[in-house]
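Inside the fold
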Amino acid sequence: MKWIGISLFALVLMAIAICPALAGERVAFVVSIEEYEQMPLQTPVKDSFAMVRVLKSMGWDTIHFTNSDHKKLSLALDQFFEKAQNADATLFYFGGHGVAHKEDIFLLPLEAKILDESDLGFESFSLNNIMAQMAEAPLVPNMFFIDICKGQHPFVDQIPESAAEVILIPAVQDNQF
């Protein structure tokens, strides 16, 4: 698992370094959550600080939150979307728990209470919705890095244990990867 994290981080650095459109204003949203009441995680916050360090050293304007609840993350996302409107490139990074359901991935903030399917829209953040919001800036390259531990909930689409650890989600627009 450690090698997967190192490989992912190397991939992030390569994507950031080789994208020629990244010379202008670059805005990154980096969030990590590990202090979940049930099933806490060990490394997302450390990973996010490493990501922020690298991004800042390359001139990215970063919005960074750790162990935040739904309200704080919602306000921070609004701030990010506003800054992204004038950016030449954007990056979205999430480390924490998530659930795959009906061709979407839902990112879980701290204190999320997912008891049934209807809670997903109120207690979590839809990656499809985030991607659609970021797609409103037509020619801006958007990068997404999602490092989640998939939650086990009875209503969530079950992914076989033998499945790959990387889930690829189709981009909303050609300028997203």
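Residues numbered from 1 in each chain as written. Predicted model: local features only at pLDDT ≥ 70, side-chain atom pairs only at ≥ 80, totals over all residues. Heavy atoms only, no water.

Within the protein chain, the secondary structure is distributed over five helices and six strands. Helices and strands appear in the protein chain in the N-to-C order α-β-α-β-α-β-β-α-β-α-β. Here the protein chain, with 177 residues, has 45% of them falling under the buried criterion. For the protein chain, contacts bridging at least 24 residues in sequence account for 70% of all contacts bridging at least 6. (Helix = DSSP H or I, 4+ residues; strand = E, 2+ residues; numbered from the N terminus. Buried < 20%, exposed > 50% of the residue type's maximum accessible area, 1.4 Å probe, protein only. Contact = heavy atoms within 4.5 Å.)

Turning to the nonpolar core, a few remarks are in order. Within the largest apolar cluster, 31 residues are counted, with the highest numbers of intra-cluster contacts made by Phe29, Leu77, Phe80, Phe92, Phe94, Leu107 and Ile130. Broken down by secondary-structure element, the contributors of at least two residues to this core are strand 1 (26–32), helix 3 (70–84), strand 3 (89–101), strand 4 (104–107), helix 5 (127–134) and strand 6 (142–150). Ranked by residue count, the leading element in this core is helix 3, at five residues. Sequence-distant contacts of Leu107, that is, excluding residues within four places in its chain, are made with Phe92, Phe94, His97, Gly98, Ser124, Phe125, Leu127, Ile130, Ile146 and Ile148. In this structure, Met51, Tyr93, Met143 and Phe145 belong to the second largest nonpolar core, which totals 11 residues. (Core = buried A, V, L, I, M, F, W, Y, C linked by side-chain atoms within 4.5 Å.)

What follows covers the confidence of the model for the protein chain. Summing up the model confidence of the protein chain, the mean pLDDT is 77 and the portion of residues at 70 or higher is 69%. The element-level mean pLDDT for the protein chain is lowest in helix 1 (residues 2–18), coming to 51, with strand 2 (residues 61–66) highest at 96. For the stretch residues 153–177, pLDDT sits under 50, and the model shows 52 contacts to residues farther than four places along the chain or on other chains. (pLDDT = per-residue confidence, 0-100.)

This next bit is on helix 3. Along an α-helix, a turn takes 3.6 residues, which lines up residues three or four apart on a common side. Here helix 3 is 15 residues long and its end C-alpha atoms lie 20 Å apart, about the 21 Å a rise of 1.5 Å per residue gives. Every buried residue belonging to helix 3 is among Leu73, Ala76, Leu77, Phe80, Phe81 and Ala84, and all of these are buried. Down the axis of helix 3, the buried set is contained in an arc of 140 degrees. They therefore lie on one face. Among the exposed residues of helix 3, those oriented more than 90 degrees off its buried face are Lys71, Lys72, Leu75 and Glu82. Close packing links the buried residues of helix 3 with strand 1, strand 2, strand 3, strand 5 (125–126) and helix 5. (Expected span 1.5 Å × (residues − 1). Arc of directions from axis to C-beta.)

Another point: the side chain of Asn67. For Asn67, the location among the structural elements is in the loop between strand 2 and helix 3. Of the polar contacts made by the side chain of Asn67, one reaches the backbone nitrogen of Glu35; its length is 3.0 Å. Excluding residues that lie within four positions of it along the chain, Asn67 makes contacts with Ser32, Ile33, Glu34, Glu35, Val45 and Leu110. (Polar contact = N/O pair within 3.5 Å; in protein donor to acceptor, adjacent residues only side chain to side chain.)

Another aspect to go through is the packing of aromatic side chains. This structure, assessed with the given rule, holds four aromatic pairs. When the centroid spacing of 5.4 Å and the interplanar angle of 40 degrees are considered together, the rings of Phe29 and Phe80 count as tilted. With Phe29 in strand 1 and Phe80 in helix 3, this residue pair connects regions lying 51 residues apart in the sequence. Judged by its relative accessible area of 2%, Phe29 is buried. Residues Phe29 and Phe92 carry aromatic rings whose centres are separated by 5.5 Å and whose planes lie at 15 degrees to one another, so their mutual orientation is stacked. Here Phe29, found in strand 1, pairs with Phe92, found in strand 3; they are 63 residues apart in sequence, far enough to count as distant. (Phe/Tyr/Trp six-rings, centres within 6.5 Å; stacked < 30°, edge-to-face > 60°.)

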